[in-house]
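# Observations on chain architecture
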Amino acid sequence: MIDLLLSRHVFFINLKAILFILPSSRRPFYLPLTGSLHSTLRRIPLRRPPSAAAAPPPFMHLGPSGDRLLIFVMRRYLIGISKLEFAQQAWKNGVRRTQPSHAFSGSHDFNIYHLGDNVGTGSVQLQVVNALRKGDRQLASKMLLDLGEVNDKLSAKDFACILEYCARTPDPLFAMETWKIMEDKVIDINKRSCIFILQAFSKGGYIKEAFNWLNFLAENDRMHYAPMFNIFLSGCWSSKSFNHVDHCLELMENQLVGKSEITHWELLKLAVLQRNLSAVHEIWKEYTRYYSPSVIMLRKFIWCYTKLGDLDSGNAALKHLLVLARQGSASLSISGTGNYQSSAVDIPIPTKEKSYENRFSLDNLSSLTLEGNPEKNEGPIEVSMDESSMGHHSIMKNLELKKSFESRSKFNIIDALLLKINGNTFFNELGKGRCIPVAHTIFDGALRIDSSNFQVKQEDFSELSSGKMQQGLEMTSHPLKNLLRWSFNDMIHACAQSSNYQMAEQLFLQMLDIGLKPSKHTYDGFVKAAIEGKGVDYGMKVVKMMQERNIKPYDNTFAVLSVGYSRTLELDMAESFSDKISDKLPKNIHTFNTLLAACGFMDEPERAVRVLAKIKRLKIKLNIRTYELMFALFGTVNVPYERGNILSHMDVSKRIGAIEMDMMKNGIHHSYASMKNLIRALGAEGMIQDMLRYLDIAENLLWQTDAHQTNDLYNIVLHALVKAKERHKAIEVFRSMRSCGLPANVATYNIMIECCSMLKCFKSACAIISLMLREGFYPQTLTYTALIKVLLANEDFEGALNLLDQSHSEAIQLDVQLFNTILREAYIKRRIDVIELVVESMHREKIQPNPTSLWYTFSAYVESDFHSTAMEALQVLSMRMISEDNEILQAKKSVFEELVLDEDLDVELEIIRTFKGSQEFLATALMNLRWCAIMGYSISWSPEESQWAKRLASKVST
């Protein structure tokens, strides 16, 4: 046929299409070549017509009646090839078991071999599909109705192309319309059409209709086999519909259809979607009852266990997988569509042995051994490693390196990883490529040395990390190695999520020991686990190790490091890693949100502006969390350093308007947190009217909000009103709150008691205390602080001291703020006697003073012209800021005294730099002592020996 075709009808061949000239139209007609015909034509030499002497004519015309004959011959040939190729595909039940790889086909072209035998219907099918692709459903429906007029003898094949397109798109409505026409034409539906219709319903989310279709096929004695039920279960998973799963399994049982491996996989996906770990264990038991676990199914079980956080079961399944890889019983290949497939036949074979299921029990780890290779490897073991990654070191140098490792008192695992990954493999004199795993011995010693930092169960993988395992993986195929790597990656990432750094480090070392090269995804998971287990600095060491190997980390790795440094408030490092992110993925907004939150905590709005500019450059869509942080960052101008004024109020209004306008553009509405931050910012800026207006807006927008959250909004408003001395508005808001039936909490009553200090009415404060007690709330430290403010507003220092004694007798946990409240009023009223009583009470309660306490005490003496007493009090209180325990002071004396008495000009800067952050009080105390030394006063590290301290103690005692 090919010879006839080439000699009589075709002259020009371009190996992509055959060019025909129809004599009726004189226009060229191209017939595409695919599949076996394409390869066949490449092997056949081009034949010239006899009349061609030197140069061939541009083309050869067909005969008057040859056009139909030629098209018919080519069509029949293509149909024959398509049937041959289609018979080799995985439409049969359980012929191939596939595992998706990272390469997926992005083509949505339909199969040209499904056009049917009729030439007219084939062209109409193409026109219908093209109309559907263009979105012209009306035209597609019209052409579908006209399809029956092309030829009276129609079959299911004449609709296969349309149904396949509906299944791939999916388009369940047009699939139903096509089936109705087939039913009206009394066309017997075949197996392929049944599958296409079921796929269209299942993938399109019409689960109820898909199940009814299965029932229809069952009632009409249509073919029922596992792939059809697998398609339905896959649709249940994609649409998150669980109601029909049990009905599907019941129908399978009634139709005597057994579960294939793909069926178990679809059930596993549904169990993971429901977060049902017990269901995964049940599926494992059922699967191992009928199947010997394959590598693909083990990889899928590992994925399920890691998704559900069951690291022990995942570890056991990974061990099964490594055993199969070692035995060489697993064979994988990559299909043309990029899927990993096994050559084993998917036929469930139940066993009669009762111990068979126990053989594959995940709890019975000791039953697994490395069988299948009786040879014992003695001497050097050949390891699969690239020559470029091997270092050429002498054996003596390696032995010295080993001794240096063993001599360390504390072993650094990261250094060992650097050694191993950088290719420092230890060679024997027996020849190139033959090595002794000395590095593995060093690692074993390291685990024994650093047992406090790396406690793992080595026996779980003892046989797998031997030289036999390395030799076994040498002969494994590339797809199987990828499968192993993906399984290790899933386990390492699961360890990171569960903060199990020890297991992650163990798995990482095992990958290196068996000769499995870590990927970027592996490093990404290991960095996450290192940050969770050892801190962000330890994760940074892993990243440096990658850079030394010229391995560029994922953007996700940079994002994790940025989040880690943001949480430790190291904003320079956090910002530098966020600048390395180049992906426009929506998930990266979490990284920038964390950095924005740290900027707000450290009060760095300028840095926050740079972060927002980076987000805009990457074109990452902002979420509601970003806007919540923006209100907190940019809702104020000078607060808390200065009070708001007219200019700052105008700036705040412009900022809030711009943020809300951007929210509207992105279709994001206010949340509780955004309204909370906005109201708090307006209150801090002193914009009372705007704050009350947004409170009304919040009540209207968030009417479904929990009552306690609404109470928090009212507390913010009440606090802002009291701080702004708007006592009447505060009382009005409190009454409105009570009339609406909103529940009050302790914070509400504390704010209103503090409001009574502006009214200078202690009776009103007592009335609120009574109301507070009736509702079941008891006074706390802040309650006593607010009551003391009311008494001090009336200059009742005696009543305030009595209330302080009462709080002590009622076992209230006192804090420095309560004492500072009394010190402040005593300083204003020049009541040094009260200040001395309060300072001594703080000392007896073991409450360390803060810089505010020092300022009130020191300033009171200075303004009363008691300068020597002021310097003595400053020394004693500075010592107590360091520690109230005299023994601790003596222990720190040698270190701190050098800083205090050092004459270097940069020592003060060094003190501030050393004790910044959480130890700023310590830096203040050292600076005060240094100032006393500069003024010529001797520094005593025993504050109890001070005459001022002794006088205060005797005064309080009497």
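Residues numbered from 1 in each chain as written. Predicted model: local features only at pLDDT ≥ 70, side-chain atom pairs only at ≥ 80, totals over all residues. Heavy atoms only, no water.

As annotated in an unreviewed UniProt entry, the chain is Pentacotripeptide-repeat region of PRORP domain-containing protein from Musa balbisiana.

All right, on to the packing of aromatic side chains then. Within the structure shown, the criterion is met by 19 aromatic pairs. Relative to Phe777, the ring of Tyr749 lies with its centre 6.1 Å away and its plane at 50 degrees, an arrangement referred to as tilted. Residue Tyr749 is found in helix α35 (residues 746-759), and its partner Phe777 is found in the loop between α36 (762-774) and α37 (781-793); the two are separated by 28 residues along the sequence. Classification of Phe777 by relative accessible area gives partly exposed; the value is 24%. Members of the aromatic cluster, each reached through a chain of ring pairs, are Trp284, Tyr287, Tyr291, Phe301 and Tyr305. (Phe/Tyr/Trp six-rings, centres within 6.5 Å; stacked < 30°, edge-to-face > 60°. Helix = DSSP H or I, 4+ residues; strand = E, 2+ residues; numbered from the N terminus. Buried < 20%, exposed > 50% of the residue type's maximum accessible area, 1.4 Å probe, protein only.)

Moving on: the pattern of salt bridges. As enumerated under the stated definition, the model contains 22 salt bridges in all. Linking Lys269 and Glu266 is a salt bridge whose minimum nitrogen-to-oxygen distance equals 3.1 Å. Highlighted residues: Lys269 and Glu266, both in helix α12 (residues 261-273), separated by three residues, approximately one helical turn. Judged on exposure class, the residue Lys269 and its partner Glu266 are both buried. Between Arg831 and Asp833 there is a salt bridge; the shortest N-O distance is 3.2 Å. Using a relative accessible area of 31% as the deciding quantity, one classes Arg831 as partly exposed. Using a relative accessible area of 33% as the deciding quantity, one classes Asp833 as partly exposed. (Salt bridge = Lys/Arg side-chain N within 4 Å of Asp/Glu carboxyl O.)

Time to look at the pairing of strand β5 (residues 339-342). Where burial is concerned, the two faces of β5 agree: the one with Asn339 and Gln341 and the one with Tyr340 and Ser342 are both buried. Pairing analysis gives three bridges linking strand β4 (residues 332-334) to β5, with the strands arranged antiparallel. Looking across to β5, one finds that Ile334 is bridged to Tyr340. (Pairing = 2+ DSSP bridges.)

Between helix α10 (residues 226-238) and α12, the least distance of the axes is 9 Å, while the angle of their chain directions is 15 degrees. In terms of orientation, α10 lies roughly parallel with respect to α12. Seen along the crossing, α10 lies across α12 with a hand that is left-handed. For the pair formed by α10 and α12, the contact residues are Ala226, Asn230, Leu233, Ser234, Cys236 and Trp237 on the first element and Ile262, Thr263, Glu266, Leu267, Lys269, Leu270 and Leu273 on the second. Grouping the amino acids of the contact of α10 with α12 by side-chain chemistry returns eight nonpolar, three polar and two charged. (Axes fitted to C-alpha atoms, helices over the stretch in contact; angles between N-to-C directions. Parallel < 35°, antiparallel > 145°, perpendicular 65-115°, else oblique. Left-handed = near helix turned anticlockwise from the far one by under 90°. Contact = heavy atoms within 4.5 Å. Nonpolar A, V, L, I, M, F, W, Y, C, P; charged D, E, K, R; others polar.)

One full turn of an α-helix is made of 3.6 residues, so residues set three or four places apart face in the same direction. Across its 13 residues, helix α8 (residues 191-203) extends 18 Å between first and last C-alpha, which sits within 8% of the 18 Å expected from 1.5 Å per residue. When we look at burial in α8, the residues that qualify are Ser193, Cys194, Ile195, Phe196, Ile197, Leu198, Ala200, Phe201 and Ser202. In this structure, the buried side of α8 is in contact with α6 (160-168), α7 (172-184), α9 (207-219) and α10. Positive phi shows up at Gly205, right after α8, with a value of about 90 degrees. (Expected span 1.5 Å × (residues − 1).)

Cysteine pairs can be covalently joined through their sulfur atoms, and such a bond is termed a disulfide. Summed over all chains, the structure comprises zero disulfides. As a non-bridged cysteine, Cys161 has Cys166 as the owner of its nearest cysteine sulfur, 9.6 Å distant. Owing to a relative accessible area of 0%, Cys166 belongs among the buried residues under this scheme. (Disulfide = S-S within 2.5 Å.)

Moving on, we come to the UniProt feature "repeat: PPR" (unreviewed entry) in the chain. When the UniProt feature table is mapped onto this chain numbering, "repeat: PPR" (unreviewed entry) sits at residues 484-518, 588-622, 710-744 and 745-779. End-to-end, the C-alpha atoms of residues 484-518 are 11 Å apart, and along that stretch the chain is 77% helix and 0% strand. This span, residues 745-779, is 77% helix and 0% strand, and a straight line between its end C-alpha atoms measures 11 Å. (UniProt positions renumbered as here; feature names shortened; annotations may be inferred.)

With that out of the way, let us pick up unusual backbone geometry. That bond from Thr169 to Pro170 is cis: its omega, -10 degrees, falls within 30 degrees of zero. For Pro170, the position within the fold is in the loop between α6 and α7. Backbone geometry places Arg275, a non-glycine residue, at a positive phi of 55 degrees. Mapped onto the secondary structure, Arg275 falls in the loop between α12 and α13 (277-290). Positioned with a positive phi, Lys760 is a non-glycine residue whose angle comes to about 55 degrees. Summarising the element assignment, Lys760 is placed in the loop between α35 and α36. The exposure class of Lys760 is exposed, given its relative accessible area of 52%.

Turning to its location among the elements, Ala218 is positioned in helix α9. Relative accessible area serves as the criterion here: at 14%, Ala218 is assigned to the buried category. As for Ala218 and Gln255, which are separated by 37 residues in sequence, their C-alpha atoms are 7.7 Å apart.

Residue placement: Ser878 occurs in helix α42 (residues 867-882). Residue Ser878 is classed as buried on the basis of its relative accessible area of 0%. A distance of 2.7 Å separates a polar atom in the side chain of Ser878 from the backbone oxygen of Leu874. Beyond its immediate stretch of four places on either side in the chain, Ser878 contacts Leu854, Ala925, Asn928 and Leu929. (Polar contact = N/O pair within 3.5 Å; in protein donor to acceptor, adjacent residues only side chain to side chain.)

This part covers the nonpolar core. If you look at the biggest cluster of nonpolar residues, it comprises 246 residues, and the most contacted ones within it are Trp213, Phe301, Ile679, Met691 and Ile882. For this core, the leading source of residues is helix α21 (residues 478-497), giving 10 residues. Taken domain by domain, the makeup of this core includes at least three residues from each of domain 1 (124-258) and domain 2 (815-956). (Core = buried A, V, L, I, M, F, W, Y, C linked by side-chain atoms within 4.5 Å. Domains from an automatic or database assignment.)

Closest axis-to-axis distance for the helix α26 (residues 571-579)/helix α27 (residues 589-601) pair is 11 Å, and the angle between their directions is 155 degrees. One way to sum up the angle between α26 and α27 is to call them roughly antiparallel. Considering how the two elements wind past one another, α26 and α27 form a crossing that is left-handed. Counting all contacts with α26, which are made through Leu571, Ala574, Glu575 and Ser578, the residues of α27 involved are Phe592, Leu595, Ala598 and Cys599. A class-by-class count of the residues in the contact of α26 with α27 yields six nonpolar, one polar and one charged.

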